[in-house]
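# Residue-level structural notes
Listed below are the residues making up each chain.
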Amino acid sequence: MEYMKRSNFIIKYVAGISVIIFILFLMERLLSGFWLTLFMLFGINIILAISLNITNGWIGFFSVGHGGIMLAGAYAAAFFTLPVFFKEGILDLKLPSFILHTQLAFLPALLIGGIVGTVVGIILVLPALRLRGFYFCAGTLGFNIIMETIAENTNGPMGLRQFLPYTNIWWVWGIAILVIYITWMVKKSYIGRAFIAIGKDPDLAEHMGINLLKYKLYAFGLSAFFTALGGILWVHLILNLFPKAFNLILVFEVVAMIVIGGMGSITGSIIGAAIITFFSDILAPIEEGFSLFGFNVPSMLGLMTVLIGVLLVVILIKKPDGIMGEKEISLGFFKKFLRTKQT
Amino acid sequence: MNYLLQQIINSLGFGSIVALLAAGYTMTFGLIGLVNFAHGEVFMVGAFTAYFILTILKLPFWLAILMALVGSIIIGLLVERLAFKPVRGSGMITLFIIGLGVSQILRNSTVMLFDARLKGFTVSGFLKGVYMLGEVIIFKKTLFIFLTVLAICIILVYLIKNTKVGIAMRSISYDTQMAQSLGMNTERVIIITFIISSALAGFAAVSWGYIYGSVHAAMGVHAVVNAFVASVIGGVGNVLGAVVAGYIIAIGGNLFIAFLPPDLVGLRPLFVWIVFFIILIFKPSGLFRANIK
């Protein structure tokens with residue numbers, strides 16, 4: 001019996017992974033150009049939204065400073081992936097020589113960037129020790145601006161260019177599915193329940209024997225690692241690194257994803273990422289202006305941010321929990337749904 | 001010594017803007033716990049109204065100030081009615097996200113309708129020129145704005161301390177439900193507070209135009225961050241504290257840059273946040289006492 005269960009389990013995993021690989025293979029063949037980029041941006045948005053959800057939705061520390069973490073991770077990875085002659089030539093970076101003269105493959109650079117991002121994310125725990133609620137929020141806003149200012153003053157406001165296009169569908173969706181799987185497992189485990197308990201009531205959680213500092217460190221470390229990965233993938237997709245691009249508008253879009261999808265829900269984050277990707281990338285050509293049946297629609301830069309803002313405000317007023325609330329859509333959810341229909 | 005004095009006098013202009021914004025900010029913050037990040041956009045709308053009156057229609061400056069106040073008040077009340085009122089009482093973080101969303105909407109709408117470039121602001125004739133105090137240069141416009149802000153500040157403190165509306169504001173900031181059960185029309189008092197705070201933003205907008213000679217769509221971002229930090233330093237809800245903290249921040253920021261090596265001038269935005277973290281860690285209630293005073 002035990003043996004049967006385990007083999008069932010393995011079959012499920014093998015089947016799941018092969019289905020995913022088949023879908024990705026199909027996508028790689030079918031999609032091209034704009035739609036392929038869009039599909040990858042969707043994956044990156046999922047990574048960013050889920051990792052922001054760990055801190056904002058689960059342990060209840062509303063951070064708007066994840067742009068700073070992305071920036072740190074992206075810079076650290078870029079120092080290793082840029083070709084050596086660009087680093088010495090056009091970009092004229094002032095780095096220690098062992099960094100200047102090495103060029104790594106994408107995976108080690110990704111890990112280095114992720115670790116740097118984690119270290120920076122753990123710095124965010126320091127304000128979380130003293131500040132609560134809204135003041136923490138304002139502090140992370142400051143953190144974002146501080147990171148941006150430091151980045152602008154180390155390599156100039158133009159940032160870095162001449163990236164190699166490492167990001168492809170396999171990297172993005174491989175990492176996205178890994179992130180979904182890990183957060184799903186974490187949510188079911190003791191650690192995830194401790195996170196959610198802290199989010200509901202920190203004092204009560206402490207009385208129940210949950211070590212607040214330890215779990216805050218875990219949550220921020222996990223969140224920062226995934227966020228840094230998302231930032232690195234994004235930078236190697238758009239092929240330039242511009243410190244101003246990591247400002248509040250980017251963070252605002254990710255916050256909009258998790259608020260619209262539902263704070264604390266993984267499937268909600270995915271739905272939110274889909275909605276915001278649709279708004280900010282599919283409808284983006286409208287901003288540049290077009291002609292429809294002879295009418296010339298003038299270009300309206302910033303229209304998408306306005307629409308996202310309106311959507312966010314309307315959702316917060318009419319349905320403050322977002323689309324999913326704290327619920328999840330899983331296979332069990334469907335089974336229960338069908339069962340209640342029959343009876 | 002002259003250099004130091006010159007730096008301090010130069011920062012009085014920006015200090016006045018931050019002080020006015022912080023005073024308006026701290027009133028709504030203390031009254032209903034609203035962290036109004038859309039305040040910077042209310043300020044920006046006021047500046048654009050004044051820009052249209054002064055530069056495009058070429059009308060006199062008092063009309064520009066009046067219309068800037070009217071524009072700011074209309075936008076401020078609209079934002080309060082449409083965005084903040086439906087979610088009042090649902091926690092500061094919700095209010096913060098709504099404020100962020102509204103500020104993005106207003107800023108990007110302005111970029112959409114006009115554009116993101118700098119727009120020249122006509123400075124009226126009698127405000128041009130300088131006074132010399134020994135070797136220290138004082139701009140006429142800076143002096144005019146500074147004196148006006150002092151007058152506004154005195155009126156505001158009198159209003160809050162001695163009039164009926166001010167007493168109502170203070171009681172609501174202590175305990176809203178108690179004030180309501182004693183028969184106070186809290187809705188009216190909140191609207192009056194929004195009118196005052198938007199009007200202060202409108203005057204700050206005209207000052208910005210006079211001091212920097214141009215307005216643009218993203219002008220609210222930097223100013224509102226400074227004003228927010230000033231309101232935290234001054235003690236939430238304390239109008240006089242916010243004004244003093246606004247001047248402290250502007251002067252401190254200017255001196256921070258003045259005594260730093262020239263290639264580190266880009267680090268200017270760091271100053272505000274360093275002060276913010278130091279204050280919140282060592283004296284979280286602010287330099288002066290909290291609650292509307």
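Since the model is a prediction, treat every value here as computed from it, not as a measurement.

With that out of the way, let us pick up the overall build of chain A. Each helix and strand in chain A was counted, giving 17 helices and two strands. Relative to a compact globule of 343 residues, whose C-alpha radius of gyration would be 20 Å, chain A shows 21 Å and is just as compact. Overall size of chain A, expressed as C-alpha extent along the three principal axes, is 70 × 60 × 50 Å. Taken over 343 residues, chain A has a buried fraction of 41%. Considering only contacts within chain A whose residues lie at least 6 apart along the sequence, 81% involve residues at least 24 apart.

Our focus in this paragraph is the overall build of chain B. Helix and strand counts for chain B stand at 11 helices and four strands. A compact globule built from 293 residues should have a C-alpha radius of gyration of about 19 Å, and chain B, at 19 Å, falls within 12% of that. Dimensions of chain B, computed from the C-alpha atoms along their principal axes, are close to 60 × 45 × 35 Å. With 293 residues in all, chain B has 48% of them scored as buried. Once local pairs closer than 6 in sequence are excluded, the contacts in chain B between residues at least 24 apart make up 77%.

Moving on, we come to helix α6 (residues 106–123) of chain A. Along its 18 residues, α6(A) runs 26 Å from first to last C-alpha, staying within 8% of the 26 Å computed at 1.5 Å per residue. At its buried positions, α6(A) is contacted by α3 (66–81) and α12 (212–238) of chain A.

The subject of this paragraph is the packing of helix α16 (residues 303–318) of chain A against helix α4 (residues 92–113) of chain B. Close contact between α16(A) and α4(B) brings their axes to 8 Å; oriented N to C, the two are set at 150°. With respect to α4(B), the axis of α16(A) lies roughly antiparallel. Judged by the twist between their axes, the crossing of α16(A) over α4(B) is left-handed. For the pair α16(A) and α4(B), the contacting residues are A:L303, A:T305, A:V306, A:G309, A:V310, A:L312, A:V313 and A:L316 in the first and B:T94, B:I97, B:I98, B:G101, B:V102, B:Q104, B:I105, B:N108, B:S109 and B:M112 in the second. Here the residues of the contact of α16(A) with α4(B) sort into 11 nonpolar, seven polar and no charged.

Moving on, we come to the interface of chain B and chain A. With 30 residues of chain B in contact, the opposing surface of chain A contributes 31 residues. Elements represented by at least two residues in the side of chain B that touches chain A include exactly α4 and α11 (268–282) of chain B. At 15 residues, α4(B) tops the list of elements feeding residues into the side of chain B that touches chain A. Of the residues that constitute the side of chain B that touches chain A, the class distribution is 23 nonpolar, seven polar and no charged.

The biggest cluster of nonpolar side chains holds 181 residues, and the ones touching the most others in it are B:V18, B:L21 and B:A22. Residues contacting B:L21, with those up to four places away along its chain left out, are B:H39, B:F43, B:A201, B:A204, B:A223, B:V224 and B:A227.

Our next topic: the pairing of strand β2 (residues 130–133) of chain B. Residues and elements named next belong to chain B. Across four bridges, β2 lies against strand β3 (residues 136–139) in antiparallel orientation. Bridge pairing in β3 links Y131 to I138. Where β2 folds back onto β3 in an antiparallel hairpin, the turn is made up of two residues, including G134, whose phi is positive at roughly 65°.

For the rest of this paragraph, the subject is the domain arrangement of chain A. Residue and element names in this part refer to chain A. Along its sequence, chain A is carved into domain 1 (1–30) and domain 2 (36–287 + 299–338). When each unit is reduced to the centre of its C-alpha atoms, the spacing between domain 1 and domain 2 is 28 Å. Contacts between domain 1 and domain 2 engage four residues on the former and five residues on the latter. Considered class by class, the residues forming the side of domain 1 that touches domain 2 number three nonpolar, no polar and one charged.

What follows deals with the environment of B:I160. Residue and element names in this part refer to chain B. In this structure, I160 sits in helix α5 (residues 140–162). For I160, a count of 21 C-beta atoms within 10 Å translates into the label buried. In this structure, the C-alpha to C-alpha distance between I160 and R170, residues 10 residues apart in sequence, is 7.6 Å.

What you tend to see is this: most non-glycine residues have negative phi, and most peptide bonds are trans. Of note in this structure, A:L239 is not a glycine but carries a positive phi near 65°. Within the secondary structure, A:L239 is located in the loop between α12 and α13 (248–261). Notably, B:K58 is not glycine yet its phi reads approximately 55°, a positive angle. The topology assignment puts B:K58 in the loop between α2 (39–56) and α3 (61–84). Among the residues examined, B:K58 registers 8 C-beta atoms within 10 Å and is labelled exposed.

With that settled, the discussion passes to helix α14 (residues 266–282) of chain A. Residue and element names in this part refer to chain A. Taking 1.5 Å per residue as the helical rise, α14 with its 17 residues ought to reach 24 Å, and the 23 Å between its terminal C-alpha atoms agrees with that figure. If you check which residues of α14 are buried, you get I266, G268, S269, I270, I271, G272, A273, I276 and T277. Packing partners of the buried residues in α14 comprise α2 (33–58), α9 (169–188), α13 and α16.

Residue and element names in this part refer to chain A. Contact geometry of α13 with α16 gives a least axis separation of 10 Å together with a crossing angle of 35°. By crossing handedness, the relation of α13 to α16 is classed as left-handed. Within the contact between the two elements, α13 uses I249, E253, A256, V259 and I260 and α16 uses T305, I308, L311, L312, I315 and L316. Of the residues assigned to the contact of α13 with α16, the class counts are nine nonpolar, one polar and one charged.

All names here are of chain A. Checked against the element boundaries, N53 lands in helix α2. Along the backbone, N53 and M257 are 204 residues apart, and their C-alpha atoms lie at a distance of 9.5 Å. Not counting the four nearest positions on each side in its chain, N53 is found in contact with W58, I258, M263, G264 and S269.

Next up on the list: the confidence of the model for chain A. In the predicted model, chain A carries a mean pLDDT of 85, and the fraction of residues at 70 or more is 92%. Taking the mean pLDDT of every element in chain A, the minimum, 63, falls on strand β2 (residues 295–297) of chain A and the maximum, 92, on α12(A).

It is worth spelling out the confidence of the model for chain B at this point. Per-residue confidence for chain B gives a mean pLDDT of 87; residues scoring 70 or more make up 98%. Here the predicted complex carries an ipTM of 0.86, next to a pTM of 0.89.

Another aspect to go through is the environment of B:A22. All names here are of chain B. Examined against the element boundaries, A22 turns out to sit in helix α1 (residues 2–32). Owing to 34 C-beta atoms within 10 Å, A22 belongs among the buried residues under this scheme. Sequence separation of A22 and V243 is 221 residues, and the distance between their C-alpha atoms is 6.6 Å. In this structure A22 touches A227, A230, S231, G234, A242, V243, A245 and G246, once residues within four positions along its chain are discounted.

Conventions used here
Residues numbered from 1 in each chain as written. Chains lettered and ligands numbered in written order. Predicted model: local features only at pLDDT ≥ 70, side-chain atom pairs only at ≥ 80, totals over all residues. Helix = DSSP H or I, 4+ residues; strand = E, 2+ residues; numbered from the N terminus. Rg over C-alpha atoms; globule rule 2.2 N^0.38 Å. Buried ≥ 20, exposed ≤ 12 C-beta atoms within 10 Å, placed from the backbone. Contact = placed C-beta atoms within 7 Å. Expected span 1.5 Å × (residues − 1). Axes fitted to C-alpha atoms, helices over the stretch in contact; angles between N-to-C directions. Parallel < 35°, antiparallel > 145°, perpendicular 65-115°, else oblique. Left-handed = near helix turned anticlockwise from the far one by under 90°. Nonpolar A, V, L, I, M, F, W, Y, C, P; charged D, E, K, R; others polar. Core = buried A, V, L, I, M, F, W, Y, C linked by C-beta atoms within 7 Å. Pairing = 2+ DSSP bridges. Domains from an automatic or database assignment. pLDDT = per-residue confidence, 0-100.

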